[in-house]
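Here's the letter readout for the chains.
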Amino acid sequence: MDTLVRCSKLVGIKRKNIDLKAGFITLGSEKTKAKISMVVPISTKTSKLLKEHLELTDVYGFEFLFLSYEGGTSFIRKYS
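Residues numbered from 1 in each chain as written. Predicted model: local features only at pLDDT ≥ 70, side-chain atom pairs only at ≥ 80, totals over all residues. Heavy atoms only, no water.

1. Here we look at a nonpolar patch on the surface
The condition is simple: Like-charged residues are merged into a patch within 9 Å and nonpolar side chains (Val, Leu, Ile, Met, Phe, Trp, Tyr) within 5 Å, provided each residue has over 30% relative accessible area and no salt bridge. Values of accessible area rely on a 1.4 Å probe in the Shrake-Rupley scheme; residue burial ignores everything except the protein chains shown. Whenever a carboxyl oxygen of Asp or Glu lies within 4 Å of a side-chain nitrogen of Lys or Arg, that contact is scored as a salt bridge. Numbered from the N terminus, helices here are DSSP runs of H or I no shorter than four residues, and strands are runs of E no shorter than two. Under the scheme applied here, a residue whose accessible area is under 20% of the maximum for its type counts as buried, over 50% as exposed, and between as partly exposed, the area being computed with a 1.4 Å probe on protein chains only.
The grouping of Val59, Tyr60 and Phe62 at the surface amounts to a nonpolar patch, some 350 Å² of accessible area in total. In this fold, Phe62 is placed in the loop between α2 (44-57) and α3 (76-79). What makes Phe62 partly exposed here is its relative accessible area of 36%.

Shown next, in the form of structure tokens:
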């Protein structure tokens, strides 16, 4: 993604933290090194790709944006 956010932060993003219409992702304070919330802008291209991804993965019903091959979020521990 073109957000310049660390991978360890991206893998833990929840679907509810993405605002495609406004074009940004909100990172909660627990996700940032400085322990403050951040609003990260995303490009139109990234927004389009995220929209497609959200539509494809919506059927799984998970709160996280990115899932492991098995459908869970086990890889998050690797990056956290």
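2. Examining the pairing of strand β2 (residues 24-27)
Put simply, the rule reads: Think of it this way: DSSP has to see at least two bridges between two strands before they count as a pair.
With burial as the criterion, only one face of β2 is covered, namely that bearing Ile25 and Leu27; the residues Phe24 and Thr26 on the opposite face remain uncovered. Pairing between strand β1 (residues 18-19) and β2: two bridges, direction antiparallel. Across the sheet, residue Asp19 finds its bridge partner in β2, namely Phe24. Between β1 and the antiparallel strand that follows it, β2, lie four residues; Gly23 among them carries a positive phi value of about 80°. Of the pairings in the sheet, the one linking β2 to strand β3 (residues 38-41) comprises four bridges and is antiparallel in character. Bridge pairing in β3 links Thr26 to Val39.

3. Remarks on the side chain of Ser47
Test applied: Every residue pair with non-hydrogen atoms within 4.5 Å of one another is taken to be in contact.
Looking at where Ser47 falls in the secondary structure, it is placed in helix α2. In this structure Ser47 touches Leu20 and Ile42, once residues within four positions along its chain are discounted.

4. With respect to α2
This is how it is decided: For a helix, the expected span equals 1.5 Å multiplied by the number of residues minus one. Working note: the arc is built from the helix axis to C-beta atom directions.
For α2, built from 14 residues, the straight-helix expectation of 20 Å at 1.5 Å per residue is met to within 8% by its first-to-last C-alpha distance of 20 Å. For α2, the full list of buried residues reads Thr46, Ser47, Leu50, Leu54 and Thr57. Taken around the axis of α2, the buried residues stretch over an arc of 105°, which confines them to a single face. Exposed and oriented more than 90 degrees from the buried face of α2 are Thr44, Lys45, Lys48, Glu55 and Leu56. Along its buried surface, α2 packs onto β1 and β2.

5. Re the nonpolar core
Stated formally: Each nonpolar core is a collection of buried residues, namely Ala, Val, Leu, Ile, Met, Phe, Trp, Tyr and Cys, held together in the definition by side-chain atoms within 4.5 Å.
Core analysis: the biggest nonpolar cluster contains eleven residues, these being Val5, Leu10, Ile13, Ile18, Ile25, Leu27, Val40, Ile42, Leu50, Leu54 and Leu65. Sequence-distant contacts of Ile13, defined by excluding residues within four places in its chain, comprise Ile18, Ile25, Leu27, Phe64 and Leu65.

6. A closer look at the environment of Thr26
Relative to the assigned elements, Thr26 resides in strand β2. Classification of Thr26 as partly exposed rests on a relative accessible area of 27%. Through-space distance from the C-alpha of Thr26 to that of Val40 is 6.2 Å; in sequence the pair is 14 residues apart. For Thr26, the residues in contact, after removing those within four places along its chain, are Asn17, Met38 and Val39.

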